[in-house]
Amino acid sequence: MKSKWTNLAEPGARWLAAGLEIGHWGAAAMVLVWLALALASNRQMADALAAGESLWGGEMKTYGFELQVIYGGQTDLKAVALFSGGAAAVLSLMALVFRNIRRILQAARPDAGQGISGVFQPKVARMAREIGLFYLAVPTAGLAAVNLARVVLGPERCEASVQPGGIFTGLVVLCLAQVFSYGVQLQSDVDGLI
């Protein structure tokens, strides 16, 4: 028997995952607009970023990917374009993570037609494996973007760093995906016996 907290937590987790997915897609779209403005050499954007430097320090960051876009008091639109391209990739990967989390939670619902065994489906194992791969791709994409920025802007303007949290999380989720795959295999064996 499920408690009232479990009944509240399940839809709450689905709504949270959906909100985070939408938020990440929105943020990815926003940095693509920044990319378009930077490529169009939009002076108003450059002036607005320079004016707000005291608030945010002139450094743009997302999921461990950081780039100094204000250098010597001036906004470097090449740096904004490089950050925007890398950030769009990283944010899109995280949106895909939350999409798969939402879909797994949806498939695991008892009213989804699969009952208790809902999580042991091939599609759930596949989505869990994809989450692990997306998590591994986030620091990889960030590192690739920083290295591209080092080539374009110069090594003194960029510091390459990787947050190991994404790598560890990706590896843990890949291990859990193997558990789901084994559960799918056991579920098909049980279904074959019945």
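Note that the structure is predicted; figures quoted are calculated from it, not measured.

Examining the packing of aromatic side chains
Part 1 of the reasoning: The final tally for this structure, using the stated rule, is one aromatic pair.
Part 2 of the reasoning: Look at Phe65 and Phe83: their rings are 5.2 Å apart centre to centre, the planes differ by 15°, and that puts the pair in the stacked class. Pair noted here: Phe65 is in strand β2 (residues 65-68) and Phe83 is in helix α4 (residues 77-107), with a separation of 18 residues, a long-range link.
Part 3 of the reasoning: Given the relative accessible area of 1%, Phe65 is considered buried.
Part 4 of the reasoning: Phe83 sits in the buried class, given a relative accessible area of 3%.

With respect to the pattern of salt bridges
Part 1 of the reasoning: In the structure shown here, the tally under the stated rule is four salt bridges.
Part 2 of the reasoning: Between Glu21 and Arg102 there is a salt bridge, with the nearest N and O atoms lying 2.9 Å from each other. On the criterion of sequence distance, the pair formed by Glu21 in helix α1 (residues 4-39) and Arg102 in helix α4 is long-range, its members being 81 residues apart.
Part 3 of the reasoning: Exposure remark for Glu21: the relative accessible area of 11% places this residue in the buried category.
Part 4 of the reasoning: Salt bridges sharing common partners tie together Arg99, Arg126 and Glu130.

Comments concerning the side chain of Asn100
Part 1 of the reasoning: Mapped onto the elements of the fold, Asn100 is located in helix α4.
Part 2 of the reasoning: Look past the residues within four positions of Asn100 in its chain and what remains in contact with it is Met127, Glu130, Ile131 and Phe134.

Notes on the nonpolar core
Part 1 of the reasoning: Membership of the largest hydrophobic core comes to 25 residues, with the highest contact counts inside it found for Leu67, Val69, Val80, Phe83, Ala149, Leu153 and Cys158.
Part 2 of the reasoning: At the level of elements, α1, α2 (43-51), β2, α4 and α5 (122-153) are the ones that each hand at least two residues to this core.
Part 3 of the reasoning: Other than its neighbours up to four places away in sequence, Phe83 contacts Trp34, Met60, Lys61, Thr62, Phe65 and Leu67.
Part 4 of the reasoning: Core analysis: the second largest hydrophobic core is formed by 16 residues, Leu93, Met94, Met127 and Ile131 among them.

What counts as what
- Residues numbered from 1 in each chain as written.
- Predicted model: local features only at pLDDT ≥ 70, side-chain atom pairs only at ≥ 80, totals over all residues.
- Heavy atoms only, no water.
- Phe/Tyr/Trp six-rings, centres within 6.5 Å; stacked < 30°, edge-to-face > 60°.
- Helix = DSSP H or I, 4+ residues; strand = E, 2+ residues; numbered from the N terminus.
- Buried < 20%, exposed > 50% of the residue type's maximum accessible area, 1.4 Å probe, protein only.
- Salt bridge = Lys/Arg side-chain N within 4 Å of Asp/Glu carboxyl O.
- Contact = heavy atoms within 4.5 Å.
- Core = buried A, V, L, I, M, F, W, Y, C linked by side-chain atoms within 4.5 Å.

The analysis is restricted to geometry; functional conclusions fall outside its scope.
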